[in-house]
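Chain and residue survey
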Amino acid sequence: MSPPQPSSAAAVSSPGAISHLAAVDPPGPALARAPRIAALDAARALGVLAMVVGHTLDALLAADVRASPAVAAYWKARGLTAPLFLMVSGWAVTVAIGRGRAAGLAIPRGRLPRVLLLLAVGAALRWPGWDVPGLLARAPAPWTHLLAFDALHTIALSLLGAACLLALPWDRRERVLAFVLVAVLAVSLGMRAPAPLAPAPSAMHAPGLGLALQQAAGGTSPFPLFPWAAYFFAGGALALLAGGGGGRRAGAMAAVGAALVVATFWTGVGAMPPADPRLVLFRVGVILVLLAALSLVPAAAAARVAPLGRASLGVYALHLPVVYGWSTHAGLAGRIGPRLSFGHAVAVALAVLAASFAVHHGIVAARRGAGALLRRVRSPALAPPAGG
């Protein structure tokens, strides 16, 4: 049976996937609650909405609708979804670590469970259930699919790398420089041959560690570390420089972003490969302008949409199988296919978003209820009196 694999656009959601999960502080001593960052809450919610709508339109829009000028323009703008998630993830993680009490090796140690969870969810979503015998026989095709990197994988390893850098006894300027250098390195490594072309099947390693590393660095992965980790570290550098990004800092973000856009938009960025430095700078510039604009969102309004952003991982993991299918189960792409009008496809997308969000919160509520019940059962107050 042929696999209901997502298209290359499926990994656009990735990120962050995601950003909330990457930024959650590990358990520790209670801290005074820091003020929420309105731009961050708004950006997360916007990213989740763009992710689900983009994937659903990709799966269900009819060919004649895709050819219309308005949808073609939207398709180009949709390419910003993954960079937005990655930058917001880097921003959120760096702010969270800066606000925490952990220092030194305690920083990456505290983030390790999150890293492992992101990698586990990413691997589960790529499970090639259509060819389990091939997996057991170490056939190249199912292993190449399983080990490919999507946004969750890149966020996970970028999170670990950022935590290690922030654990070093450096001042803010040195950390900013380190983050910028890592971002530049990610773009540079993303340009190495055979990019922008995928490697030939004969150039792929046999299943094992070599194939895993090849897929992490590039290979046939939709969102390998190189160049996509550059956006995560750009977001981390932004957090170190701008903090919450309000006031004059928002103005500076907008000015820098506008300068990057003006310097690159005329170079043909719409047709460039993902690792082209001009495209990366253009996307970073657009996102800086967007984040600066979102900093103007009132805190009360941002707080209302914050739950959607905080559910990004759950919505990501739930909506992808619904839209594109999972393992041997067909999704909407296979059951309905690309034959809907724009309005109908958007309506389906909003329904998928609402359902994924509701299921995510149901799972969270069930976990909390089970945890509370377990604590009551284990509570000494409920134990029978001695000699009773």
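On a predicted model such as this, the values are computed, not experimentally measured, just so you know.

Side note on the environment of glycine 343
Within the secondary structure, glycine 343 sits in helix α18 (residues 342-378). Accessibility expressed as a relative area gives 45% for glycine 343, which makes it partly exposed. Once the C-alpha coordinates of glycine 343 and leucine 57 are considered, the two residues, 286 residues apart in sequence, prove to be 9.9 Å apart.

Remarks on the nonpolar core
Ranked by size, the top nonpolar core spans 85 residues in total, and within it Trp91, Phe179, Phe233 and Leu291 carry the most contacts. Filtering out sequence-adjacent residues up to four positions away, phenylalanine 179 remains in contact with Thr94, Ala162, Leu165, Leu166, Phe233, Gly236, Ala237 and Leu240. Counting 5 residues, the second-largest nonpolar core is a separate cluster that includes Val261, Met272, Leu279 and Phe282.

What about the environment of tryptophan 170?
With respect to the helices, strands and loops of the structure, tryptophan 170 is situated in the loop between α9 (151-166) and α10 (172-190). Since its relative accessible area comes to 36%, tryptophan 170 is described here as partly exposed. Leave out the neighbours within four places in its chain, and tryptophan 170 touches Leu165, Arg175 and Ala178.

With respect to the packing of aromatic side chains
The tally for this structure, following the rule as stated, stands at 5 aromatic pairs. Note on phenylalanine 232 and phenylalanine 233: the rings are 5.7 Å apart at their centroids and 65 degrees apart in plane angle, and the pair reads as edge-to-face. In this structure phenylalanine 232 comes out as buried when scored by relative accessible area, which is 0%. Using a relative accessible area of 6% as the deciding quantity, one classes phenylalanine 233 as buried. An aromatic cluster of at least three residues, connected via ring pairs, comprises Phe179, Phe232 and Phe233. The ring of tryptophan 75 is capped by arginine 78, whose NZ or CZ atom sits 5.2 Å from the centre of that ring.

Concerning the pattern of salt bridges
Under the defined criterion, the tally for this structure stands at 5 salt bridges. As a salt-bridge pair, aspartate 150 and arginine 126 come within 2.8 Å of each other at their nearest N and O atoms. Highlighted residues: aspartate 150 in the loop between α8 (140-147) and α9 and arginine 126 in the loop between α6 (106-125) and α7 (132-136), separated in sequence by 24 residues.

Looking at helix α2 (residues 38-60)
Between its first and last C-alpha, α2 extends 33 Å over 23 residues, near the 33 Å set by a 1.5 Å rise per residue. In terms of residue burial, α2 counts as a mostly covered element, since 20 of its 23 residues are buried.

A few points about the packing of helix α5 (residues 81-99) against helix α12 (residues 225-242)
In the contact formed by α5 and α12, the axes pass within 7 Å of each other and the chain directions differ by 40 degrees. Accordingly, the angle class assigned to the pair α5 and α12 is oblique. You can see that α5 and α12 cross each other, and the crossing is right-handed. For the pair α5 and α12, contact is made by Ala82, Pro83, Leu86, Met87, Ser89, Gly90, Trp91, Val93, Thr94 and Val95 and by Trp228, Tyr231, Phe232, Ala234, Gly235, Gly236, Leu238, Ala239 and Leu240, respectively. In terms of residue class, the contact of α5 with α12 is built from 14 nonpolar, 5 polar and no charged.

Things to note about the packing of α2 against helix α4 (residues 69-78)
Their axes nearest at 11 Å, the elements α2 and α4 cross at an angle of 130 degrees. Judged by the angle between their axes, α2 and α4 are oblique. Crossing handedness for the pair α2 and α4: left-handed. Facing Ala50, Val53, Gly54, His55, Leu57 and Asp58 of α2, the residues of α4 in contact are Tyr74, Trp75 and Arg78. Per-class residue counts for the contact of α2 with α4 are 5 nonpolar, 2 polar and 2 charged.

Some remarks on unusual backbone geometry
Where the residue is not glycine, phi is negative for most of them; where a peptide bond is considered, it is trans in most cases. Cis geometry is adopted by the peptide bond preceding proline 227, which originates at phenylalanine 226 and carries an omega value of 15 degrees. Summarising the element assignment, proline 227 is placed in helix α12. At arginine 138, a residue that is not glycine, the phi angle is positive and equals roughly 60 degrees. On the secondary structure map, arginine 138 appears in the loop between α7 and α8. A positive phi angle, close to 55 degrees, is found at serine 327, a residue other than glycine. In this structure, serine 327 sits in the loop between α16 (312-324) and α17 (332-335).

A few points about α10
A turn of α-helix holds 3.6 residues, and therefore any two residues three or four places apart point the same way. For α10, built from 19 residues, the straight-helix expectation of 27 Å at 1.5 Å per residue is met to within 8% by its first-to-last C-alpha distance of 27 Å. Buried within α10 we find Val176, Ala178, Phe179, Ala183, Ala186, Val187 and Gly190.

Section: a nonpolar patch on the surface
A cluster of nonpolar residues, Trp127, Val132, Leu136 and Trp326, forms a patch on the protein surface that exposes about 390 Å² of accessible area. Taking relative accessible area as the criterion, valine 132 reaches 31% and is therefore assigned partly exposed.

Describing the confidence of the model for the protein
Scored by pLDDT, the protein has a mean of 89; 89% of the residues are at 70 or more. By mean pLDDT, strand β1 (residues 15-18) is the weakest element of the protein at 44, and α9 is the strongest at 98. This stretch, residues 5-17, has a pLDDT under 50; its non-local contacts, to residues over four places away or in other chains, come to 52 contacts.

Concerning the environment of alanine 151
Tracing the chain through its elements places alanine 151 in helix α9. Residue classification places alanine 151 among the buried positions, given a relative accessible area of 2%. Remark: the alpha-carbon pair of alanine 151 and leucine 225, spanning 74 residues in sequence, is separated by 8.8 Å.

Analysis parameters
Residues numbered from 1 in each chain as written. Predicted model: local features only at pLDDT ≥ 70, side-chain atom pairs only at ≥ 80, totals over all residues. Heavy atoms only, no water. Helix = DSSP H or I, 4+ residues; strand = E, 2+ residues; numbered from the N terminus. Buried < 20%, exposed > 50% of the residue type's maximum accessible area, 1.4 Å probe, protein only. Core = buried A, V, L, I, M, F, W, Y, C linked by side-chain atoms within 4.5 Å. Contact = heavy atoms within 4.5 Å. Phe/Tyr/Trp six-rings, centres within 6.5 Å; stacked < 30°, edge-to-face > 60°. Lys NZ or Arg CZ within 6 Å of the ring centre and 35° of its normal. Salt bridge = Lys/Arg side-chain N within 4 Å of Asp/Glu carboxyl O. Expected span 1.5 Å × (residues − 1). Axes fitted to C-alpha atoms, helices over the stretch in contact; angles between N-to-C directions. Parallel < 35°, antiparallel > 145°, perpendicular 65-115°, else oblique. Left-handed = near helix turned anticlockwise from the far one by under 90°. Nonpolar A, V, L, I, M, F, W, Y, C, P; charged D, E, K, R; others polar. Patch = residues over 30% accessible without salt bridge, like charges linked within 9 Å, V, L, I, M, F, W, Y side chains within 5 Å. Areas by Shrake-Rupley, 256 points an atom, 1.4 Å probe, with all protein chains shown as cover. pLDDT = per-residue confidence, 0-100.

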